[in-house]
Amino acid sequence: MALQILLVDDSPMIHNLLRKVLVKNGHEICGDAKNGKEGVEMYKSLQPDLIFMDISMPIMSGLEAAAAIKKLNPDSKIIMLSAMGDEAVLTEARVIGINLFLKKPFDEYKIISAISSVA
Amino acid sequence: MRQEMIAPFLQSTQNMIEQMSGITVTADGGFYEEQSELVSLGLATLVSFAGKVKGRLLIDMEPSLAVAFAKAVNDENYTSDREFMVLMSAGELNNIVAGDANTLINNQFQLDLRLAPPVIISGVGSIIRIPKISSMSANLMTLQGKLKVNIAFEGSL
Amino acid sequence: MSEMQDRINLLGPHFIQAIQEVIATMSGMTVTEINDCSNSGVDGEISSAMVLVGEKNMLATISMPQETAALLVSYMTGTPIGKITPEELYDGVAELVNMVAGQVKTFVGATPYRFQLTSPFVIVGKSYSIVHKNQVTTFWKCFETSGLKLQLKIYFL
């Protein structure tokens, strides 16, 4: 099923990579946000099916943004992206209610598998 | 500096470049103590981290390698290492390497290290000097160019 | 008012105060803020930089021409300009950003903008550039002392 997906990451390279894989697999990128604050704003207006959200970003971190989005809609689907995957980060993500944690780097298989397990 | 603290950075650099771009990386010798200043190969990225200790990872690479890496990762053509996506890709590589290595270190030593975003320094021959902190370097080779990994932790580890 | 503007309003004046106080204390030189940074003619041959790691990360850089660095370090150390070694010069400017950041850290310790210092580093060269990811807000101020110029940049990463 084609999903409307919101990308929230401050890395243009990650945007590029995700966009290529997601579009190739029939999904639609409904928004590109460069920080958590933009992500929350875009979530409100776009109501995407799924969000890919980086953790470390300027202005508002991914964890803050994810918490804000989960408060707006506890059923929102968020896949958290991060270069760090230690226990402390994973615990924090679980407390917020993140649906899945994906450690960078990732390939097409990991991205598509992540979507299948969440959507 | 303890070997267990620095080895993951070298391993991660090799692994991540290969995983992300398919570029084969071979070590050109092991770690050695770096002199106080590095003369940049062309594109240097620096990620600082802090928690119970502080440190930083510097990955310095030749422009040809930076361009080849960005081309492979983004599947797009670039001609100069000063192009935005080439700079950003090198920065993201350091972020991913530092994140991967620090994940291992955090889980092993409970240091609560957190990363700051990468700082990207572009310019062949620029001197990067980090006073008052000893650091270890390792040289790496690829068919597309050389790179250097330099890692430093403050304090007695 | 946005959170970013709040940060700039709180941190900016502290950095200005810190750079003026640190230079005055260390060298006895009076540093005056220049209003129009774009026409200041500040050429960053030497940049001392530090990543400040906190809930929100920053990069602080103090850039200046070689001539300004030599004069400042000469006054700071009491060494005649002609006798300052490159090592002393770079260590001196690294110490400058270290002290400025340290002073700001004490000012903001009780606020949500508190941060940890990391190792300062110095970049030297004629044609280097410091690059960041998209949409980085910067706070930029230029100063003059004894006819010489320097600039402070804070990147909100």
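Student: Got a minute to help me understand the interface of chain A and chain C in this structure?
Tutor: Taken together, the contact pairs 11 residues of chain A with 8 residues of chain C. Interface area for chain A against chain C, summed over the two sides, is near 830 Å², with a carbon-plus-sulfur share of 44%. At the boundary of chain A with chain C, the tally comes to 1 salt bridge. Measuring nitrogen to oxygen at the nearest pair gives 3.0 Å for the salt bridge that ties Lys56 of chain C to Glu64 of chain A. Counting across the interface, chain A meets chain C through 2 residue pairs in polar contact (both at pLDDT 80 or more). Looking at the side of chain A that touches chain C residue by residue, the class counts come to 4 nonpolar, 3 polar and 4 charged.

Student: Sorry if this is basic, but what is going on with the sheet that holds strand 5 (residues 100-103) of chain A here?
Tutor: Strand-to-strand pairing in sheets goes through backbone hydrogen bonds, with the strands running parallel or antiparallel. All names here are of chain A. Taken in spatial order, the 5 strands make up an open sheet running 2-1-3-4-5, and their pairing is parallel. For this open sheet the edge positions go to strand 2 (28-33) and strand 5, each flanked by a neighbour on one side alone. The sheet shows a mean angle of 20° between the axes of neighbouring strands, direction not considered. In the sheet, strand 4 (residues 78-82) pairs with strand 5 via 4 bridges, with the strands oriented parallel. Paired with Met80 across the two strands is Phe101, which belongs to strand 5.

Student: What is the right way to read the interface of chain B and chain C from this model?
Tutor: If you look at the interface, chain B gives 30 residues, while chain C gives 27 residues. Buried area between chain B and chain C, summed over both chains or domains, comes out near 2500 Å², and the portion from carbon and sulfur atoms is 59%. Linking chain B with chain C are 2 salt bridges, by the criterion used here. Across the pair Glu87 of chain C and Arg129 of chain B runs a salt bridge whose closest N-O atoms are separated by 4.0 Å. Across the chain B-chain C interface, the total number found is 6 residue pairs in polar contact (both at pLDDT 80 or more). When residues of the side of chain B that touches chain C are traced back to their parent elements, those giving at least two are strand 4 (43-50), helix 3 (84-109), strand 6 (114-115), strand 7 (119-122) and strand 8 (127-129) of chain B. In the side of chain B that touches chain C, the residues fall into 17 nonpolar, 5 polar and 8 charged.

Student: What's the story with helix 5 (residues 108-118) of chain A in this structure? I'm lost.
Tutor: Given 3.6 residues per helical turn, the α-helix brings residues three or four places apart onto the same face. Residues and elements named next belong to chain A. Ile111, Ala114, Ile115 and Val118 are the residues of helix 5 that are buried. The arc enclosing the buried residues of helix 5, seen along the axis, measures out at 95°, which places them on a common side. More than 90 degrees from the buried face of helix 5, the exposed residues found are Tyr109, Ser116 and Ser117. Buried residues along helix 5 sit against strand 1 (4-8), helix 1 (12-24), strand 3 (50-54), strand 4 and strand 5.

Student: Can you walk me through the packing of helix 1 of chain A against helix 5 of chain A in this structure?
Tutor: When two helices pack together, their arrangement is given by the angle between the helix axes and by the axis-to-axis distance. All names here are of chain A. For the pair helix 1 and helix 5, the least separation of the axes is 10 Å and the interaxial angle reads 65°. As for how helix 1 packs across helix 5, the hand of that crossing is right-handed. In this structure, helix 1 uses Leu17, Leu18, Val21, Leu22 and Lys24 to contact helix 5, whose residues at the interface are Glu108, Ile111, Ile112 and Ile115.

The rules behind these values
- Residues numbered from 1 in each chain as written.
- Chains lettered and ligands numbered in written order.
- Predicted model: local features only at pLDDT ≥ 70, side-chain atom pairs only at ≥ 80, totals over all residues.
- Heavy atoms only, no water.
- Contact = heavy atoms within 4.5 Å.
- Buried area = accessible area lost by both parts, 1.4 Å probe.
- Salt bridge = Lys/Arg side-chain N within 4 Å of Asp/Glu carboxyl O.
- Polar contact = N/O pair within 3.5 Å; in protein donor to acceptor, adjacent residues only side chain to side chain.
- Nonpolar A, V, L, I, M, F, W, Y, C, P; charged D, E, K, R; others polar.
- Pairing = 2+ DSSP bridges.
- Helix = DSSP H or I, 4+ residues; strand = E, 2+ residues; numbered from the N terminus.
- Axes fitted to C-alpha atoms, helices over the stretch in contact; angles between N-to-C directions.
- Buried < 20%, exposed > 50% of the residue type's maximum accessible area, 1.4 Å probe, protein only.
- Arc of directions from axis to C-beta.
- Left-handed = near helix turned anticlockwise from the far one by under 90°.

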